[in-house]
Amino acid sequence: MLKFTFKSDYAAAREVQKAILDEVDRCQFNGQCSFSIKLALEEGLINAVKHGNKLDPAKNVRVEAHVTPEQAEIVIEDEGPGFKKTEVPDPTLEENLEKCSGRGILLIEAYMDVAEWTNGGRRLRMIKKNVDESK
Amino acid sequence: MSEQAPPLAVIQDKDIRIVEFTNNKILDEANIAEIGSTLNSLIDEMANPKLLLDFMTVDHLSSAALGMLINANNRIKQKNGKFRLANIKPQILEVFKITKLDKLFRIHNSREEAVRSFSD
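Heads up: these notes are all about the structure in this document. A quick note: this is a predicted structure, and the numbers were derived from the prediction, not measured.

Glancing now at the sheet that holds strand E1 (residues 2–7) of chain A. Residue and element names in this part refer to chain A. Across the sheet, which stays open at both edges, the five strands sit in the order E1-E2-E3-E5-E4 with antiparallel pairing between neighbours. Unpaired on one side and paired on the other, E1 and strand E4 (114–118) mark the two borders of the sheet. Ignoring strand direction, the axes of neighbouring strands in this sheet form an average angle of 10°. Of the strands in this sheet, E1, strand E2 (60–67) and strand E3 (71–77) are in contact with helix H1 (residues 10–26), which crosses E1 at around 170°. Contacting E2, E3 and strand E5 (123–129), helix H2 (residues 31–52) runs over the sheet at an angle of about 175° to E5.

Below, the discussion takes up unusual backbone geometry. We note that Asn119 of chain A has phi near 55°; this positive angle belongs to a residue other than glycine. Examined against the element boundaries, Asn119 of chain A turns out to sit in the loop between E4 and E5. Exposure remark for Asn119 of chain A: the 10 C-beta atoms within 10 Å place this residue in the exposed category. Residues other than glycine seldom take positive phi values, yet Asn80 of chain B does so here, at roughly 55°. Take Asn80 of chain B: it is sitting in the loop between helix H2 (63–78) and strand E4 (82–86). The exposed category is assigned to Asn80 of chain B, around which 9 C-beta atoms lie within 10 Å.

Next up on the list: the packing of H2 of chain A against helix H3 (residues 104–111) of chain A. Residue and element names in this part refer to chain A. Their axes nearest at 9 Å, the elements H2 and H3 cross at an angle of 145°. Remark: the crossing between H2 and H3 carries left-handed chirality. Two secondary-structure elements touch here, H2 through Ser36, Leu39, Ala40, Glu43, Gly44, Ile46 and Asn47 and H3 through Gly104, Leu107, Ile108 and Tyr111. Residue composition of the contact of H2 with H3, grouped by class: six nonpolar, four polar and one charged.

The strands making up a sheet are joined through hydrogen bonds of the backbone, oriented either antiparallel or parallel. Residue and element names in this part refer to chain B. What the five strands build is an open sheet, ordered E1-E2-E3-E4-E5; its pairing is mixed. In the strand order of this sheet, the two ends are held by strand E1 (8–13) and strand E5 (106–108), each with one partner. The mean inter-strand angle of the sheet, taken between neighbouring strand axes irrespective of direction, is 25°. As defined by bridge partners, strand E2 (residues 16–21) adjoins strand E3 (residues 50–54) across four bridges and the pair is classed as parallel. Residue pairing for E3: Val19 is matched across the bridge by Leu53.

This paragraph deals with the nonpolar core. Core analysis: the largest hydrophobic core is formed by 54 residues, its most contacted members being Ala40 and Ile108 of chain A. What Ala40 of chain A contacts, discounting residues up to four positions off in sequence, is Leu107, Ile108, Tyr111, Met112 and Met126 of chain A.

Moving on, we come to the packing of H1 of chain A against H2 of chain A. Residue and element names in this part refer to chain A. Close contact between H1 and H2 brings their axes to 10 Å; oriented N to C, the two are set at 155°. Between H1 and H2, the angle is such that the two are roughly antiparallel. Judged by the twist between their axes, the crossing of H1 over H2 is right-handed. Contacts between H1 and H2 involve Tyr10, Ala13, Val16, Gln17, Ile20, Leu21 and Val24 from the first element and Ser34, Ile37, Lys38, Leu41, Glu42, Leu45, Ile46 and Val49 from the second. Residues belonging to the contact of H1 with H2 are distributed by class as follows: eleven nonpolar, two polar and two charged.

This paragraph deals with the interface of chain B and chain A. Between chain B and chain A, the contact holds 18 residues from the first and 19 residues from the second. For the side of chain B that touches chain A, the secondary structure elements donating two or more residues are helix H1 (29–45), H2 and helix H3 (90–98) of chain B. Among the elements that line the side of chain B that touches chain A, the one with the most residues is H2 of chain B, at seven residues. Here the residues of the side of chain B that touches chain A sort into seven nonpolar, eight polar and three charged.

All right, on to the environment of Gln28 of chain A then. Along the chain, the position of Gln28 of chain A falls in the loop between H1 and H2. Expressed as a C-alpha distance, the spacing of Gln28 of chain A and Arg103 of chain A, which sit 75 residues apart in the sequence, is 28 Å.

Procedures and definitions
Residues numbered from 1 in each chain as written. Chains lettered and ligands numbered in written order. Predicted model: local features only at pLDDT ≥ 70, side-chain atom pairs only at ≥ 80, totals over all residues. Pairing = 2+ DSSP bridges. Helix = DSSP H or I, 4+ residues; strand = E, 2+ residues; numbered from the N terminus. Axes fitted to C-alpha atoms, helices over the stretch in contact; angles between N-to-C directions. Contact = placed C-beta atoms within 7 Å. Buried ≥ 20, exposed ≤ 12 C-beta atoms within 10 Å, placed from the backbone. Left-handed = near helix turned anticlockwise from the far one by under 90°. Nonpolar A, V, L, I, M, F, W, Y, C, P; charged D, E, K, R; others polar. Core = buried A, V, L, I, M, F, W, Y, C linked by C-beta atoms within 7 Å. Parallel < 35°, antiparallel > 145°, perpendicular 65-115°, else oblique.

Below, the structure written as structure tokens:
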């Protein structure tokens, strides 16, 4: 189990992302699953740092990753005010296509097998199973 | 410490600016602001921008990168210009499809096809 606590900072988030992805590589996830984890992990970390904690250095992000050859389970938790997922606009609607932000949650849900938000939206738990999705 | 190469290379083909990403990690969040700034400068230089982005080397794409591309698209539209994306790998193209951004952008299989499309 990998555990991290870091201040709301993009560089720190990248270090955490790299450590987890190194573990994913060591467990020999297939290419598509690795791609999915990298994408969802980046979105989850950026959401926590930028949207959750508003880049406040006084607020931390906590991450836990349990990676086995069978699956990767990742939990990301921020200390922000939280949010209601039901109030996030659907970015795929025509009126929202030209907006520059708002796609992180969509991508996390599309690429991970499990994505659930608890603790008022502050805690994201996601799972990706290491299976060949082309079959 | 050696300097990193710029993230973009720009080629002129008649009145079309073709932008190549020079690094497969280029669309990590860290580089997006720099890339966006460079694209904005290119767009500002042209009265009716014709801009083609070649994604040949791109293996990763985040929502922040998509936002940067949308911003470029919006700026080009405001100047009655044309914007094309080309050579997008299947995994990356899937990101555009999931977000329905394949309906917003003009995406072509090859650079040559994209160049021809500017005459449409």
